[in-house]
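Chain residues, written in single-letter form:
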Amino acid sequence: MTSCHPSASNEKKTTDEQANLTIALAGNANVGKSAIFNCLTGSHQHVGNWPGKTVERAEGSLRFKGYKIDVIDLPGIYSFSTFSMEELVSREHIALEKPDVVVNVIDACVLERNLFFTLQLMELQVPIIVALNQVDLARAKGIKIDEKKLSDLLDIPVVPTVGIKGTGVYELVEKAIETAKKELKVKPKPFEYGKEVEERVRKLETLLHETKLSYPSRFVALKLLEGDQEIKKEVQKTSGKIVKAAEEYAKEIEQIHGETCPVVVSSERYAIANRIAKEVQETAVLKKTSLVDRLDELATHKVFGYLLMLAVMFSVFYAIFTFGNFLSTLISNFFNLFKPETLDVTAKILWEGVAGGFVAAVTLVLPYVLPFYLLLTILEDSGYLPRVAFLLDNLMHKIGLHGKAIIPIILGYGCNVPACYSCRIMETQRDRLIAAFVVTFVPCTARIIVILGLVAAFVNIQWAFALFLIDLAIIFMMGRIAFKAIPGESMGMIMELPSLRKPSSRVVLTQTWARVKSIIYMVFPIYMVGGAVLAGMHFAGLLSPVENALVPVTVYWLGLPSVVGVLLLFGVVRKELVVVMPAILFGTTNLAAIFTPAQMIVLAFVTMIYVPCVATFTMLRREFGWKTAAYISIFELALGIFLGGIFFRSLPYLL
Amino acid sequence: MKLFPSREREPTHFGRKRHRFQHRHGSVVPITELKCGQRGEIILIRGNRKVTQRLADLGLTPKTSICILKAVPFNGPIEVSVRGSKLAIGREIAENILVKTKEPSNDLLPP
């Protein structure tokens, strides 16, 4: 803990005249960049043990020994080719915005592959220091790395760190400042490739000497050989001759090696990385397999893996339901003690609206949201989610996606907003859209609360489970429809399986708190304002015109009481309002007095399907544009109401 | 272009492709034909630029030693270990990774 948050101890020393520095964190996916970022800046950037969770750069700052340091957490990438958004974002940031130092975070457990990226960073000719992260995990695996030797070989400072604990982060910042401050910026000296490649790179470099490009000429030369489209376009603007020459050289290399030129360049780069890794790394063969290894064995086993997955999923839901129910009753009884007896109208609006909204939020939301996020964060941090993706790859193929898409879907059970955002881990635009569309059908905590608060609490738990199963069926069907309807290209799964690890209690607690806090800050005001607005409308007699206008849908088609019209309107803002609001309107949390069991099931079902909430809509709009977001919403509204009516008509035969 | 050729894909009967390619020692087969725990050396990766580049970035370059750890039945993905990291690779991609088996697999050895 002591070395974490260097800002805290040094804040007093800062003077008015501060030097500004910019540090960019770069490295492979899932090496702990976000953990180090959080440690440096004290922020709560999402940390999780699955590759690709940082999809856009995050920024924060810290004060350290009189410096104001801006820290930028770049998305994790394996290479600087431009096949993915993240790679392009990172490359452009480093080359064009020129941070003072790039901290290359590398995973000590997978040194060779991480060095492959380090070599490319060196080619970008920026000041670099290396954070050799997760040294504790590596040691546990029997991997010993001589960081002095590594530093000598690379000619770059190397600092061993343990990001999630904060070990070594202080030294890392010191080294970063030292590197950034150097009068003569020491540019890393890139390694040489094999003779055939090196010769041609040199020739291209001399050709490129006169052209003014934003990237170093050696980097451009290599990228030209690798056939990078973006760089080609850029060079083409100044000199078409060079591009021609590069294509010529690439062909020659292909003839010599019998492989395509990009593969040759990658192979040679890996050969260098391999040489360095062999030089500095000692691997002891561990005699006994550790518990984590055995668990890993089990987690992807062709039979037990699935059983484990089902057991995990079932126990998560069961734990949330039992614990939530218990806590909810407890809090609800507690608040009932404070209920005032007689009130005039204004006080009633205030009490029943604001306080009612607050009480409903506390009794309904927290008991379910808190344990859910706790368990979800544990699952995320342990590295289990990519294993689920691996096991369910086959199933996801049925809806035209691959295994990775299960990660946004699982996150969707928490909240659809970050889930839609995380669809960026899919490789193509089409896959992202299908995944996001499917995610909007996943019942988030808000909808889970509706289902639990209405159906499980007042009908029975079997029906609540049935609704979840029906929803799974709908997700599957909708996925298939989208798969057939949406054109575009798709790509198979290539995903790193990060090491399983014991979730760090610190990470889990801060993450859970950050998520719950955002719910409290965002949701509680909405409930309280929403509650007051509703109570006000109720007393002003404004509710009935709205209700009456919606009667054909709510009463005739769905068979629900007319008050549902207003509830569903409020539900667009936050779906829990559907169960929170009746408590305010009728002054009782006993919803059985308002709805029949069948009506509760239908209402919960409609709430589950109809339109994404405002926040999800905003995210969809941001990711896919107005039109797509609107199409999805209209489609879901129609589907929800249509299926709701059919459901209502078939319920009598089922109950 | 076929998006997911899984449905049209011919069934991979055991041993069907095993002897199609002959290399100096051992045979060249798609990595999906290896048994779990068996090691091979990458000879060739077929596929479009995006896929081959991504695989190369992750360390699957020619002559690299690769070990298959798990295979999900019914044409599911495979888990491989390469250069010290574990990767999950979808079947449609894995079938285009051709490897030379390091040691002849057991069923080729005389009893």
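Worth saying up front: this structure is predicted, and the values here are computed from it rather than measured. (Residues numbered from 1 in each chain as written. Chains lettered and ligands numbered in written order. Predicted model: local features only at pLDDT ≥ 70, side-chain atom pairs only at ≥ 80, totals over all residues.)

Some remarks on the overall build of chain B
- Within chain B, the regular secondary structure consists of 2 helices and 7 strands.
- Going residue by residue from the N terminus, the α and β elements of chain B occur as β-β-β-α-β-β-β-α-β.
- Expressed as a percentage of the 111 residues in chain B, the buried residues total 43%.
- A sequence separation of at least 24 residues applies to 55% of the contacts in chain B between residues at least 6 apart. (Helix = DSSP H or I, 4+ residues; strand = E, 2+ residues; numbered from the N terminus. Buried ≥ 20, exposed ≤ 12 C-beta atoms within 10 Å, placed from the backbone. Contact = placed C-beta atoms within 7 Å.)

A closer look at the overall build of chain A
- Counting secondary structure elements, chain A contains 29 helices and 9 strands.
- Compactness check: chain A gives a C-alpha radius of gyration of 28 Å against a globular reference of 26 Å for 655 residues, within 12% of the reference.
- Across its three principal axes, chain A shows a C-alpha extent of roughly 85 × 60 × 55 Å.
- Counting only residues that meet the buried cut, chain A has 49% of its 655 residues in that class.
- A separation of at least 24 residues holds for 74% of the contacts in chain A among residues at least 6 apart in sequence. (Rg over C-alpha atoms; globule rule 2.2 N^0.38 Å.)

Looking at the interface of chain A and chain B
- Listed as interface residues are 33 residues of chain A and, on the opposing side, 32 residues of chain B.
- Of all the secondary structure elements, the ones that give two or more residues to the side of chain A that touches chain B are α4 (111-123), α12 (261-280), α16 (385-391), α17 (393-397) and β9 (494-497) of chain A.
- Across the side of chain A that touches chain B, the residue classes break down as 15 nonpolar, 12 polar and 6 charged.
- Strand direction decides the pairing type here: β9 of chain A and strand β6 (residues 85-89) of chain B, joined by 4 bridges, are antiparallel. Across the sheet, residue Leu-497 of chain A finds its bridge partner in β6 of chain B, namely Lys-86 of chain B. (Nonpolar A, V, L, I, M, F, W, Y, C, P; charged D, E, K, R; others polar. Pairing = 2+ DSSP bridges.)

Some points on the packing of helix α22 (residues 461-485) of chain A against helix α27 (residues 597-609) of chain A
Residues and elements named next belong to chain A.
- Taken N-terminus to C-terminus, the directions of α22 and α27 make an angle of 35°; their axes are 11 Å apart at the nearest point. In this structure, the crossing between α22 and α27 has a hand that is right-handed. Contacts between α22 and α27 involve Trp-463, Leu-467, Asp-471 and Ile-474 from the former and Ile-601, Ala-604, Phe-605, Met-608 and Ile-609 from the latter.
- A class-by-class count of the residues in the contact of α22 with α27 yields 8 nonpolar, no polar and 1 charged. (Axes fitted to C-alpha atoms, helices over the stretch in contact; angles between N-to-C directions. Left-handed = near helix turned anticlockwise from the far one by under 90°.)

Observations concerning the nonpolar core
- Ranked by internal contacts, the top residues of the largest apolar core, which has 224 residues, are Leu-25, Leu-225, Val-438, Ile-451, Val-455 and Ala-604 of chain A.
- Discounting residues that sit within four places of it in the chain, Leu-225 of chain A has contacts with Arg-200, Val-201, Ala-246, Tyr-249, Ala-250, Ile-253, Cys-261 and Val-265 of chain A. (Core = buried A, V, L, I, M, F, W, Y, C linked by C-beta atoms within 7 Å.)

Thoughts on helix α9 (residues 217-225) of chain A
All names here are of chain A.
- A large share of α9 lies buried, amounting to 7 of its 9 residues.
- Of the positions making up α9, those classed as buried are Phe-219, Val-220, Ala-221, Leu-222, Lys-223, Leu-224 and Leu-225.
- Gly-227 sits one or two residues past α9 and shows a positive phi near 75°.

Comments concerning helix α25 (residues 564-571) of chain A
- Most of α25 of chain A is tucked away: 6 of the 8 residues are buried.
- Contacts made by the buried residues of α25 of chain A are with α24 (543-557), α26 (577-586) and α27 of chain A.

Quick word on the confidence of the model for chain A
Residue and element names in this part refer to chain A.
- Looking at chain A as a whole, the pLDDT averages 84, with 91% of positions reaching at least 70.
- Between the elements of chain A, mean pLDDT differs from a low of 43, seen in helix α1 (residues 6-10), to a high of 94, seen in strand β7 (residues 158-160).
- Counting contacts from residues 6-17, a segment whose pLDDT is below 50, to residues more than four positions away or on other chains yields 18 contacts. (pLDDT = per-residue confidence, 0-100.)

Quick notes on the pairing of strand β5 (residues 78-82) of chain B
- Of all 5 residues in β5 of chain B, 4 are buried, a share of seventy percent or more.
- Linking β5 of chain B to β6 of chain B, which pair antiparallel, is a turn of 2 residues; within it Arg-83 of chain B sits at a positive phi near 50°.

A look at the pairing of strand β3 (residues 39-45) of chain B
Residue and element names in this part refer to chain B.
- Of the strand pairs in this sheet, β3 and strand β4 (residues 65-71) are connected by 3 bridges, and their pairing is antiparallel. Counted as the bridge partner of Arg-39 is Cys-67 from β4.
- Note that β3 and strand β7 (residues 97-101) share 5 bridges and pair antiparallel. Directly across from Leu-44, in β7, lies its bridge partner Leu-98.

Quick look at unusual backbone geometry
Residue and element names in this part refer to chain A.
- Positive phi, normally seen in glycine, also occurs at Gln-125, with a value near 60°.
- Tracing the backbone shows Gln-125 in the loop between α4 and β5 (128-133).
- Note on Gln-125: 19 C-beta atoms within 10 Å, which makes it partly exposed.
- Even without glycine at this site, Val-611 takes up a positive phi of about 20°.
- Residue position: Val-611 is located in the loop between α27 and α28 (614-624).

A closer look at the environment of Thr-118 of chain A
Residues and elements named next belong to chain A.
- Along the polypeptide, Thr-118 turns up in helix α4.
- The exposure class assigned to Thr-118 is buried, which follows from the 24 C-beta atoms found within 10 Å.
- The sequence separation of Thr-118 and Ala-273 amounts to 155 residues, and the corresponding C-alpha distance is 8.8 Å.
- Excluding anything up to four places from it in sequence, Thr-118 contacts Asn-104, Ile-106, Val-130 and Leu-154.

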